[in-house]
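Single-letter residue listing:
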Amino acid sequence: MNITIKYGLSNSITKAIDDDSTVEDAIDTTTLAALNAPEGIAVVRNGNTLSEDTSLYDGDVIYLEQRSSSKA
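S.K.: Help me get a handle on the environment of Leu32, residues and values and all.
M.R.: Inspection of the secondary structure assignment puts Leu32 in helix 2 (residues 29–35). Its relative accessible area of 8% is what places Leu32 among the buried residues. Taking the C-alpha atoms as reference points, Leu32 and Asp20, separated by twelve residues in sequence, lie 21 Å from one another. Ignoring anything within four residues of it in the chain, the contact list for Leu32 reads Ile27, Ala37, Pro38, Glu39, Ile41 and Leu64.

S.K.: Would you mind going over the side chain of Ser21 in detail, with residue names and values included?
M.R.: Residue position: Ser21 is located in the loop between strand 2 (11–16) and helix 1 (23–26). On the basis of relative accessibility, which here comes to 4%, the residue Ser21 falls in the buried class. A distance of 2.9 Å separates a polar atom in the side chain of Ser21 from the backbone oxygen of Asp18. If we ignore the near neighbours within four places in the chain, the residues touching Ser21 are Thr54, Ser55 and Leu56.

Calculation notes
Residues numbered from 1 in each chain as written. Predicted model: local features only at pLDDT ≥ 70, side-chain atom pairs only at ≥ 80, totals over all residues. Heavy atoms only, no water. Helix = DSSP H or I, 4+ residues; strand = E, 2+ residues; numbered from the N terminus. Buried < 20%, exposed > 50% of the residue type's maximum accessible area, 1.4 Å probe, protein only. Contact = heavy atoms within 4.5 Å. Polar contact = N/O pair within 3.5 Å; in protein donor to acceptor, adjacent residues only side chain to side chain.

Everything listed is a geometric property; what it means functionally is a separate question.
Laid out in structure tokens, this is it:
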């Protein structure tokens, strides 16, 4: 199956992954490097932040976003 991974305004790749892949499977250092994205990013689909064990589906579009840092 194919998913699209986007980071920033213009960085995007389409990646072929196995049918039972999770976010952890799809987002590796090679993917981050191809998108010029930093480590420690959040993965978002349809406005929801995904955990590493979330399943992905054919045609998904996921976004990589920098995690916000907060100090209380």
